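A structural walkthrough
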Amino acid sequence: MTLTTKQEKFFILLMCLLLSACSGQRQDTLIVAGSTSVQPYAEVLAEEYGHLRPDKIVDIQGGGSSAGIAAAEAGTAAIGMSSRNLKGGELVLWSVEIAIDGLAIIVHPSNTLTNLSAEDVREIYTGSLTDWGKLGGTPGKIHVISREEGSGTRSAFEELVMGKDRITPKAIIQDSNGSVRQLVSSDSQAIGFISLGLVDHTVAALSLDGIAAREDKVLDGSYKLFRPFLFVTLAAPEGSAREFIDFVLSPQGQEILLQEGLVPRREEKP
Amino acid sequence: MKKTLAEVVTEKTFLVLALSAISALVLITVFIFVQGGPFITTQGLGGFVFGMSWAPSQGEYGIFPMIVGTVCVALGAALIGVPIGICCSIFLAEFAPPLLKNIFRPAIQLLAGIPSVVYGFWGLLFVVPFIRHYLGGPGLSILAGSIILAIMILPTVVSISEVSLIALPRTYKEGALALGLTHWQTIYSVLLPAAKSGIVAAIVLGIGRAIGETMAVIMVLGNSVALPESILDPVRTLTTNIGIEMGYAAGEHREALFATGIILFLIIMTINALAQYITRRR
């Protein structure tokens, strides 16, 4: 890196100061930044939290898992959101699982297939299986849709499905869950993967190895594609960050996440 | 004549403001090169520019497929947009009655005012499904990008070629008509060759505009990092590579995106210099 971390922090701080000067926010604003997969759920939580504690302002920002973790580490965000496990040097940070998110393999609703094996999915994404006809569907070229490099959803998919294999460079790349869903919903030959909570009637989620992609199957461990949603802080959280995290982990907070389509967190992790 | 104090102050103020505009250019240039330069030196320019595989998580940074993508999409845009643009400029400069001129000219300039994300959205909702339905493939393709960009470069191509046609001395046209040429013959064999350098500059600037566009093409190109085999295949351009991965990139990956920016910068600079050279030569 050419800029030292110190210079970088200073620059980011400066930008934040400028931004906060623009919006004229109050001092006790809690900045929560990171994964765009966690963002929509965090926004719902923040809104509910606002009803409960009108004196607190929680500001949810995107930027991606890596950026969120980096922001928590640099102190530019009180809480970083991540849709993948921490790795390497990030492991020194404090983190808590707020929920689990299933990963759904989605196709167009008119697709006659309802189930694929994990092996089929892997072969489709390596580019060795290119025709729906070979899988017993309506013959036609498979339009493989993936996420961009660095996306938490993509790295979860690579980890859980691809193993050591690579996603074919011919895959169409979209930069959000929403645009993957939009594209799959309009293309009868497409296949993609998105957060299970974001599956709606415009697309069909395939069963994997005969197990339906549903929240209860994620919870009982039979549906294998899932990843944790984490809140990450520099040190054990205090003050308003602690209060917000406590709210998210409370039965009320977990209930909201459940209603929004996520799977409540596993109890054994702190 | 001696300048008054007020005059000196005004002059210096303007100088400072002008300098701040230039310094923005200098700052951006320096920043891109400082951020991306070291990456190119360690990676090797050849390996970076001609590398076939882009997989940042594996530490592979080759942008050749994106350079090919950029060239394909820009040329496609030129193939579709330039004939339309030049015909439009000839119509405006030579044929259009004043009333039509007053409608056409602002209408075409208005195209330049439409935000590029709107072009992209329109392309995604109309052009992409059209291609998918009638021509096959995923729809997100070189062709879709070229069509959108062809529309986006029209204002550039039309206005610059029209100006170069209007700027020709009246005597050219009068002489040609006096020799008995018809109006169309005059245009085809006298006016167009005379305005050639302006028209070529218009085309070059249009291509430059097409190469630099990001938002609209992110939405309709599909952003694959493989070499395209047909115009119905998805591709990624240099600009969309930066646009799509910037949000998540860190460390070496981010430096690689800045390095992509350097290559893009050099291409655009070359094209603009070429356009300047062509117009000056006249």
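Residues numbered from 1 in each chain as written. Chains lettered and ligands numbered in written order. Predicted model: local features only at pLDDT ≥ 70, side-chain atom pairs only at ≥ 80, totals over all residues. Heavy atoms only, no water.

**Some words on the overall build of chain B**
- Looking only at helices and strands, chain B has 12 helices and two strands in total.
- For the C-alpha atoms alone, the extent of chain B along its principal axes is close to 70 × 70 × 30 Å.
- For chain B, the proportion of its 282 residues judged to be buried stands at 44%.
- The contacts of chain B with a sequence gap of at least 6 include a subset with a gap of at least 24, amounting to 71%.
- Taken as a whole, chain B presents about 14,100 Å² of accessible surface, with 74% of it coming from carbon and sulfur.
- For chain B, the distance from the average position of its 15 positive side-chain charges to the average position of its 12 negative side-chain charges is 13 Å. (Helix = DSSP H or I, 4+ residues; strand = E, 2+ residues; numbered from the N terminus. Buried < 20%, exposed > 50% of the residue type's maximum accessible area, 1.4 Å probe, protein only. Contact = heavy atoms within 4.5 Å. Areas by Shrake-Rupley, 256 points an atom, 1.4 Å probe, with all protein chains shown as cover. Lys, Arg positive; Asp, Glu negative; His and termini not counted. Charge placed at Lys NZ, Arg CZ, Asp CG, Glu CD.)

**Structural notes on the confidence of the model for chain B**
- Across chain B, pLDDT averages 90, with 99% of residues at or above 70.
- Predicted complex metrics record ipTM = 0.80 and pTM = 0.80. (pLDDT = per-residue confidence, 0-100.)

**Describing the environment of A:Thr233**
All names here are of chain A.
- Inspection of the secondary structure puts Thr 233 in strand S11 (residues 226-233).
- With 107 residues separating them in the primary sequence, Thr 233 and Thr 126 have C-alpha atoms 36 Å apart.
- Excluding its chain neighbours within four sequence positions, the residues that come into contact with Thr 233 are Ala 72, Ala 78, Ile 79, Leu 93, Trp 94 and Ile 245.
- A polar atom in the side chain of Thr 233 sits 2.7 Å from the backbone oxygen of Ala 235. (Polar contact = N/O pair within 3.5 Å; in protein donor to acceptor, adjacent residues only side chain to side chain.)

**Focus: the packing of helix H8 (residues 239-249) of chain A against helix H9 (residues 251-259) of chain A**
All names here are of chain A.
- For the pair H8 and H9, the least separation of the axes is 4 Å and the interaxial angle reads 60 degrees. Taken as axis vectors, H8 and H9 run oblique relative to one another. On the side of H8, the interface is formed by Phe 247, Val 248 and Leu 249, while H9 contributes Pro 251, Gln 252, Gly 253, Gln 254, Ile 256 and Leu 257.
- The residue makeup of the contact of H8 with H9, split by class, is six nonpolar, three polar and no charged. (Axes fitted to C-alpha atoms, helices over the stretch in contact; angles between N-to-C directions. Parallel < 35°, antiparallel > 145°, perpendicular 65-115°, else oblique. Nonpolar A, V, L, I, M, F, W, Y, C, P; charged D, E, K, R; others polar.)

**Let's talk about the nonpolar core**
- Counting residues in hydrophobic clusters, the biggest one holds 104 residues, and the most contacted among them are A:Ile124, A:Tyr125, A:Phe157, A:Ile191 and B:Phe48.
- The residues that make up this core include at least three from each of domain 1 (5-50) and domain 2 (64-280) of chain B.
- Not counting residues up to four positions away in its chain, the partners in contact with A:Phe157 are A:Leu103, A:Ile105, A:Val121, A:Tyr125, A:Met162, A:Ile167 and A:Phe193.
- With 26 residues, the next largest nonpolar core counts A:Leu30, A:Val58, A:Val96 and A:Ala99 among its residues. (Core = buried A, V, L, I, M, F, W, Y, C linked by side-chain atoms within 4.5 Å. Domains from an automatic or database assignment.)

**Overview of the pairing of strand S2 (residues 57-63) of chain A**
- Note: strand S1 (residues 29-34) of chain A against S2(A), six bridges, orientation parallel. Looking at S2(A), one finds that A:Thr29 is bridged to A:Ile57. (Pairing = 2+ DSSP bridges.)

**Observations regarding the interface of chain B and chain A**
- Contact residues are listed per partner, giving 31 residues for chain B and 28 residues for chain A.
- For the chain B and chain A pair, buried surface summed over both sides reaches about 2,400 Å², with 52% attributable to carbon and sulfur atoms.
- Of all residues in chain B, B:Arg132, B:Ile244 and B:Tyr248 give up the largest surface area on contact with chain A, accounting jointly for 28% of the area buried on that side.
- Counting every contact that joins chain B to chain A gives three salt bridges. (Buried area = accessible area lost by both parts, 1.4 Å probe. Salt bridge = Lys/Arg side-chain N within 4 Å of Asp/Glu carboxyl O.)

**Some remarks on the pattern of salt bridges**
Residue and element names in this part refer to chain A.
- The full count for this structure, using the stated rule, is 20 salt bridges over all chains.
- Glu 90 is the salt-bridge partner of Arg 84, the closest N and O atoms lying 3.1 Å from each other.
- Arg 84 sits in the buried class, given a relative accessible area of 9%.
- Between Glu 149 and Arg 154 there is a salt bridge whose closest N-O contact spans 3.6 Å.
- Residue Glu 149 is classed as buried on the basis of its relative accessible area, which comes to 7%.
- What makes Arg 154 buried here is its relative accessible area of 8%.
- What you see here is one network of salt bridges that share partners, running through Arg 53, Asp 55 and Glu 243.

**Observations regarding a nonpolar patch on the surface**
- There is a patch of nonpolar side chains on the surface, built from B:Ile22, B:Val26, B:Val30 and B:Val34 and spanning about 330 Å² of accessible area.
- Secondary-structure assignment places B:Ile22 in helix H1 (residues 5-43). (Patch = residues over 30% accessible without salt bridge, like charges linked within 9 Å, V, L, I, M, F, W, Y side chains within 5 Å.)

**Digging into the confidence of the model for chain A**
Residue and element names in this part refer to chain A.
- Summarising the model, chain A shows a mean pLDDT of 84, and 89% of its residues fall at 70 or more.
- Taken element by element, the predicted model of chain A shows its lowest mean pLDDT in helix H1 (residues 5-23) (55) and its highest in strand S6 (residues 143-147) (93).
- Confidence drops under a pLDDT of 50 for residues 22-26, and excluding neighbours within four residues, the segment shows five contacts in the predicted structure.

**Describing helix H5 (residues 116-134) of chain B**
- The end-to-end C-alpha separation of H5(B) is 25 Å, in line with the 27 Å expected for 19 residues at 1.5 Å each.
- At B:Gly123, H5(B) shows its strongest bend, of approximately 40 degrees.
- Listed in full, the buried residues belonging to H5(B) are B:Tyr119, B:Gly120, B:Gly123, B:Leu124, B:Val127, B:Val128, B:Ile131 and B:Arg132.
- Buried-residue contacts for H5(B) involve helix H6 (177-186) of chain A together with helix H4 (98-113), helix H6 (142-166) and helix H10 (215-221) of chain B.
- The first or second residue beyond H5(B) is B:Gly136, which carries a positive phi of 90 degrees. (Expected span 1.5 Å × (residues − 1). Bend = angle between axes of the 7 residues up to and from the residue.)

**Thoughts on the side chain of A:His143**
- Within the secondary structure layout, A:His143 lies in strand S6.
- Setting aside residues no more than four positions away along its own chain, A:His143 makes contact with A:Asp187, A:Gln189, A:Ala190, A:Ile191, B:Gly137 and B:Pro138.

**Notes on the domain arrangement of chain B**
All names here are of chain B.
- Split into domains, chain B comes out as domain 1 (5-50) and domain 2 (64-280).
- Inter-centroid distance (C-alpha atoms) of domain 1 to domain 2 is 27 Å.
- Taken residue by residue, the interface counts 14 residues in domain 1 and 14 residues in domain 2.
- Here domain 1 packs against domain 2, burying approximately 1,300 Å² in sum over the two surfaces, 81% of which is carbon and sulfur.
- On the surface where domain 1 and domain 2 come into contact, there are one residue pair in polar contact (both at pLDDT 80 or more).
- When contributions to the side of domain 1 that touches domain 2 are tallied by element, the ones reaching two or more residues are H1 and helix H2 (45-50).
- Examining the composition of the side of domain 1 that touches domain 2, we find that 10 residues originate from one element, H1, more than from any other.
- Here the side of domain 1 that touches domain 2 is composed, by residue class, of nine nonpolar, five polar and no charged.

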